[in-house]
Amino acid sequence: MPRLLLVDGSSYLYRAFHALPDLRSPDGQPTGAMHGVIAMLKKLKAEYHAEYLACVFDAKGKTFRDDLYTEYKAQRAPMPDDLRAQIEPIHAAVRALGWPLVMIDGVEADDVIGTLAVMAAQTGVDTVISTGDKDLAQLVNAHVTLINTMSTEILDVAGVKAKFGVPPERIVDYLSLMGDTVDNVPGVAKVGPKTAVKWLTEYGTLDEVIAHAGEIKGVVGDNLRGALDWLPTARKLVTVKCDVPGLALASLTPPPEDAAAIRELYVRYGFRTWLKEIGGDAGGNTGGENGDQTGGGTGRAENRHHHAAKTLGGSGSPATNPPESAPTKPLVALPVIETRPKQYESIRSMEALERWLGLIDAADLAAVDTETTGLDGMTARLVGISFAIEPFVGAYVPLKHVGPDASLAESGQLDFDTVLARLKPWLEDDAKKKVGQNLKYDRHIFANHGITLRGVAHDTLLQSYVLESHKTHNMDALAERHLGRTTVKFEEVCGKGVHQIGFDQVAIDQATEYAAEDAEVTMHLHRMLWPQVEGDAKLNAIYAIEMPVAQVLFTMERTGVLIDAALLEKQSGELGVKILALEKKAFELAGQPFNLGSPKQIGEIFFDKMKLPVVKKTPSGAPSTDEEVLQKLAEDYPLPKVLLDYRSMSKLKSTYTDKLPKMVNAATGRVHTNYGQAIAVTGRLASNDPNLQNIPVRTAEGRRIREAFIAPPGRSIVSADYSQIELRIMAHISKDPALLAAFAAGEDVHRATASEIFGTPRPEVTSEQRRYAKVINFGLIYGMSAFGLAANLGIDREAAKNYIDRYFDRFAGVKRYMDHTRIAAKRDGYVETVFGRRLWLAEINSPNGPRRQGAERAAINAPMQGTAADLIKLSMIAVQSWIEAAQLQSRLIMQVHDELVLEVTDEELALVRERVPALMAGVAQLDVKLEAELGVGPNWDQAH
């Protein structure tokens, strides 16, 4: 039978807002309610196939119930500002996800839902209503079911009776007697659920209760008799209106999802996991480290939004942004920031420009910032430049405004080429020290106009990241957190959504207030943040890594990577053929066609038709068909294996072979990724637009994508990769004698581990024993439990526990390290890398067991993963410095986890083979020798 799926959006708004933690977008906007509603809609669509959909919200203004009773909902508190701010983006998300959105003036969402449910039943359509509102239980019948996506509750007729004690047709009477405190509807005083059920069970209906009011004794009887005149009104107030005009079932046929709008929303509001699911960049966003600007913005848009940092983390990794409740400790006495009135100047004459050039030229440090036309650093163009100096005065030079006051004659907007020619000597002077917020982006913008920005002394984005990697680093959030200031928001000057204008269309006076504030706030932030970094030797050392890395990343991004678009297009066609073949095979194995992307249909085939074992269940109680389940079932059944292959190849096609050729820069002929530097808590970099760090290499099809990353004629691709870096770091940190000895002797560490665990002489260790040891070595780095090891090796938990016990008996230093690290993490709220990078663990003392255990696992791994990140950054600095000093033509083009990728000329290949591994091995002296392995080939795949 056809189905109508209705969502009570108004109910879920509040439930999501109060149920979820204070989630924030990269620029600090609240997103908890939005996250909850989107999660619910995605879950519903996946689990309930429906021919008709609607997400229903309350319209603004009064309803007919306000006319019936002036005190209706009068006690309800005003909507919290943080929730109100999410209404518009939630509506946008609903539409983008392919849900018709319905709001009708004069009635509530419940009334719209009731009317649609009645209409559906009259046309032979069943209705499923997703809500947390008990009032809607009155709608349940043979054709209408309630579900609560925020719990596992499903209410049919029997379910309503079991929950409330009365059938659905008596819910109105039940509510009338009790009243509704949420909506400020009085009932009968002292009458609660038990009394209401008792009366309705005895007398049948509210009318019969009223008729027998004289028989009911005691105070409660007196209260009933005192409420007789009110009860008819109460009944009208709690009754869902089911005849709202202007609704049509045909209008609820779902439109297709708007993929572009969905991606924009996920990027804007920092929904990294969902972005990754749709083939976006889980680790960052377009145009540098900006987290939330729409395509119509200024690109750089505003540097405070531009620098939102997101996190890219893996399983067992601490590389996810913890809540801002993680403990922090003041490092040094903070300077007092003097409060001054804003002093912003719009520079529209050469006299003013010369005066300001004199000021910034004489200043020990000046802040600089750009306003631009787009988010892509490689293509965005200048709209204006802002400056600030102490004592905290700021100015803006409008250059390319095209708004109503932007003509040269009327506004005095200076000639673009003249201004750049005058500013270029200062911008390119290494002796003139500059500070900014994510100046890597500004470097790109100036480079687009033939200017090499030099003299970059400080970056407040990186200062914040070094101090508090677990927090948000966009300028609005920093100003609020450190200066107690509310800054002008990008939306305030450019608008929102479809009505948003580019920054070049903003009136110059308004643009000056906004842009000059960027530079002035940057100066304030530097004065606040830098003493804290400088005052801590360890953090200062990390900052001394991050600053030059930013320059290396700029150079790499500028260079880009050459790809073979024709080869990718050929691979895309081949993948398409394989995907169709897999779909056909899946239909044959299932005995019927079905939607391979529908968990609900897969579940019906697996568990209802094929009777496969249920591995685990979803929160709603349905059998799960997630990837973990498919992998488990694929060990014994062919269909799950086919589905895994189908998903893998579909993702490769949509994310890489289809997408990468479209991302080639027309001017350079190359693909230019952006490396997010202030993102992962561990210090790892995050590649985005496109993400070049997550190209899968475990399948032949995935590896073939790397074949398309090529060197031009006369050059080769060189891959330099640290060997077993995290195990080496574990040996150094734990000081375990057995591990240190194995590495010192140059032994196969996995074979050495197997020998210790199984008591087998090293020459006699079998390949199976070595495989077990390898899983244990890497598993323990990530805090793997006996349960996880058992699942990974396919053995029982007791055997896995025995292996771990034996490991710790032979490698007692590793056990001591783990125990000590857990204690230190609980005490301090963070752990540190070998070089002093501070890795915060917000959930380390959480009362929630799973969260706390996850933080404990992260505490074990974070120092190793973070130290590896520090080492590869030091290697980038060393290699790039050598390339520049030796004036080589070879170039760094990518950084992927523990690997550097170079494009090397044939003439320099022998030199690079010799020097790069030595440079990487020599960046730090650990108790274990660092080793880097180097491969060469015409493409990235063959270089491995």
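Given the structure is predicted, the values throughout are model-derived calculations rather than measurements.

Q: Just give me the short version of the overall build of the chain, but keep the residues and values in it.
A: Along the backbone of the chain there are 37 helices and 20 strands. Taking 944 residues into account, the globule formula puts the C-alpha radius of gyration at 30 Å, and the chain, at 32 Å, falls close to it. When the backbone C-alpha atoms are referred to their principal axes, the chain occupies close to 100 × 85 × 55 Å. Counting every position in the chain, which comprises 944 residues, the buried fraction comes to 55%. Restricting the contact set of the chain to residue pairs at least 6 apart, pairs at least 24 apart contribute 70%. Of the accessible surface of the chain, which amounts to about 38,200 Å², a share of 53% is contributed by carbon and sulfur atoms. One finds the centroid of the 104 positive side-chain charges in the chain at a distance of 4 Å from the centroid of its 122 negative side-chain charges.

Q: Before we move on, could you go through the packing of aromatic side chains and cite the residues and values that matter?
A: Scanning the entire structure with this criterion turns up 19 aromatic pairs. Plain terms: the ring middles of F758 and Y803 are 5.3 Å apart, the flat faces sit at 70 degrees to each other, and that makes the pair edge-to-face. Of this pair, F758 sits in helix α31 (residues 749–758) while Y803 sits in helix α34 (residues 797–810), and the two are 45 residues apart along the sequence. For Y803, a relative accessible area of 15% corresponds to the buried category. Linked through ring pairs, Y396, F490, F503 and Y514 together constitute an aromatic cluster. Here the basic side chain of K400 rests over the ring of F416, its NZ or CZ set 5.0 Å away from the ring centre. One cation-aromatic arrangement involves K815 over F808; the distance from NZ or CZ to the ring centre is 5.8 Å.

Q: Tell me about helix α12 (residues 259–269), residues and numbers included.
A: Every buried residue of α12 is listed here: I262, L265, Y266, V267, R268 and Y269. The elements touched by buried residues of α12 are α2 (32–47), α4 (81–96), α13 (272–277) and α21 (490–494). One or two steps after α12, the chain reaches G270, where phi turns positive at roughly 75 degrees.

Q: Mind laying out the packing of helix α23 (residues 537–559) against helix α36 (residues 849–885), listing which residues take part and the relevant values?
A: Look at α23 against α36: their axes get within 9 Å of each other, and the N-to-C directions meet at 60 degrees. Considered as vectors, α23 and α36 are oriented oblique to each other. Like other packed secondary-structure pairs, α23 and α36 cross with a definite hand, here left-handed. Across the interface between the two elements, I542, I545, E546, P548, V549, V552, L553, T555 and M556 from α23 touch D870, K873, L874, M876, I877 and Q880 from α36. Grouping the amino acids of the contact of α23 with α36 by side-chain chemistry returns ten nonpolar, two polar and three charged.

Q: Can you break down the side chain of T753 residue by residue, with the values?
A: Positionally, T753 belongs in helix α31. If sequence neighbours within four positions are ignored, T753 has contacts with A773, N777, Y807 and F811.

Q: Explain the state of the cysteines residue by residue, including any values.
A: Linking two cysteines covalently via their sulfur atoms produces the bond known as a disulfide. Under the definition given, this model contains zero disulfides. No disulfide involves C55; its sulfur sits 19 Å from the nearest other cysteine sulfur, which is in C242. The class of C55 is buried, set by a relative accessible area of 0%.

Q: How would you summarise the pattern of salt bridges if you had to cite specific residues and measurements?
A: If charged atoms from side chains of opposite charge come close, those side chains can pair. Taken as a whole and judged by the stated rule, the model has 54 salt bridges. Salt-bridge contacts for E108 lead to R65; the nearest nitrogen and oxygen are separated by 3.1 Å. Note that E108 is positioned in the loop between β3 (101–102) and α5 (109–122) and R65 in helix α3 (residues 64–68), a separation of 43 residues in sequence. R65 gets classed as buried once you look at its relative accessible area, which sits at 3%. D536 is the partner of R838 in a salt bridge, and the nearest nitrogen-oxygen pair spans 3.5 Å. One end of the pair, R838, is in strand β17 (residues 838–840); the other, D536, is in the loop between α22 (508–534) and α23, with 302 residues separating them in the sequence. By relative accessible area, R838 is classed as buried at 7%. Judged by relative accessible area, which is 16%, D536 ranks as buried. Taken together, the shared-partner salt bridges connect R65, K73, E108 and D111 into one network.

Q: Can you lay out the environment of A479 for me, pointing to particular residues and giving the numbers?
A: With respect to the helices and strands, the residue A479 is situated in helix α20 (residues 475–483). We classify A479 as buried; its relative accessible area is 0%. Each C-alpha atom of the pair A479 and L353 lies 28 Å from the other, and the pair is 126 residues apart in sequence. Those residues in contact with A479 that sit more than four places away from it in its chain are G484, R485, T487, V521 and L525.

Q: Residue-level account of the side chain of H473, with values.
A: Looking at the element boundaries, H473 is found in the loop between α19 (460–467) and α20. Using a relative accessible area of 1% as the deciding quantity, one classes H473 as buried. A polar contact is formed between the side chain of H473 and the backbone oxygen of K471, at a distance of 2.9 Å.

Q: How would you summarise unusual backbone geometry if you had to cite specific residues and measurements?
A: Following D689, the chain continues to P690 via a peptide bond in cis, the omega torsion being -5 degrees. Along the chain, the position of P690 falls in the loop between β14 (686–688) and α28 (700–707). One non-glycine residue with positive phi stands out, namely K611, at about 55 degrees. With respect to the element layout, K611 can be found in the loop between α25 (599–609) and α26 (627–634). Judged by relative accessible area, which is 62%, K611 ranks as exposed. The phi dihedral of Q887 is positive, around 55 degrees, even though this residue is not glycine. One can find Q887 in the loop between α36 and β18 (891–896). Overall, the relative accessible area of 66% leaves Q887 in the exposed class.

Q: Hey, could you go over the sheet that holds strand β4 (residues 126–130) for me, with residue numbers and the actual values?
A: On the basis of which strands lie adjacent, the open sheet formed by six strands has the order β3-β2-β1-β4-β5-β6 and mixed pairing. A single partner strand is all that each edge strand has here, and the edge strands are β3 and β6 (154–155). In terms of strand pairing, strand β1 (residues 3–8) meets β4 through five bridges, oriented parallel. Paired with L6 across the strands is I129, a residue of β4.

Q: Any details on the environment of L13? Residues and values, ideally.
A: Mapped onto the secondary structure, L13 falls in helix α1 (residues 9–19). Note: C-alpha distance between L13 and M34 (21 residues apart in sequence) is 7.8 Å. Residues in contact with L13, not counting those within four places in the same chain, are A33, V37, F57, L83, I87 and I90.

Q: Any details on the pairing of strand β15 (residues 715–722)? Residues and values, ideally.
A: Burial analysis of β15 places seven of its eight residues in the buried class, the great majority of the element. The sheet contact formed by β15 and strand β19 (residues 899–905) spans seven bridges and is antiparallel. Within β19, the residue paired with S716 across the bridge is V904.

Q: Account for the confidence of the model for the chain, with residues named and values stated.
A: For the chain, the mean per-residue pLDDT works out to 87, and 92% of the residues sit at or above 70. Under a pLDDT of 50 for its full length, residues 282–341 has, in the predicted model, 246 contacts with residues more than four places off or in other chains.

Q: Kindly report on the pairing of β19, identifying the contributing residues and their values.
A: Here β19 lies mainly inside the structure; seven of its seven residues are buried. A two-sided burial pattern is seen for β19, the buried positions comprising E899, V901, E903 and T905 on one face and L900, L902 and V904 on the other. Note: β18 against β19, five bridges, orientation antiparallel. Across the sheet, M894 pairs through a bridge with V901, a residue of β19. Between the antiparallel neighbours β18 and β19 lie two residues, among them H897 with a positive phi of about 60 degrees.

Calculation rules
Residues numbered from 1 in each chain as written. Predicted model: local features only at pLDDT ≥ 70, side-chain atom pairs only at ≥ 80, totals over all residues. Heavy atoms only, no water. Helix = DSSP H or I, 4+ residues; strand = E, 2+ residues; numbered from the N terminus. Rg over C-alpha atoms; globule rule 2.2 N^0.38 Å. Buried < 20%, exposed > 50% of the residue type's maximum accessible area, 1.4 Å probe, protein only. Contact = heavy atoms within 4.5 Å. Areas by Shrake-Rupley, 256 points an atom, 1.4 Å probe, with all protein chains shown as cover. Lys, Arg positive; Asp, Glu negative; His and termini not counted. Charge placed at Lys NZ, Arg CZ, Asp CG, Glu CD. Phe/Tyr/Trp six-rings, centres within 6.5 Å; stacked < 30°, edge-to-face > 60°. Lys NZ or Arg CZ within 6 Å of the ring centre and 35° of its normal. Axes fitted to C-alpha atoms, helices over the stretch in contact; angles between N-to-C directions. Parallel < 35°, antiparallel > 145°, perpendicular 65-115°, else oblique. Left-handed = near helix turned anticlockwise from the far one by under 90°. Nonpolar A, V, L, I, M, F, W, Y, C, P; charged D, E, K, R; others polar. Disulfide = S-S within 2.5 Å. Salt bridge = Lys/Arg side-chain N within 4 Å of Asp/Glu carboxyl O. Polar contact = N/O pair within 3.5 Å; in protein donor to acceptor, adjacent residues only side chain to side chain. Pairing = 2+ DSSP bridges. pLDDT = per-residue confidence, 0-100.

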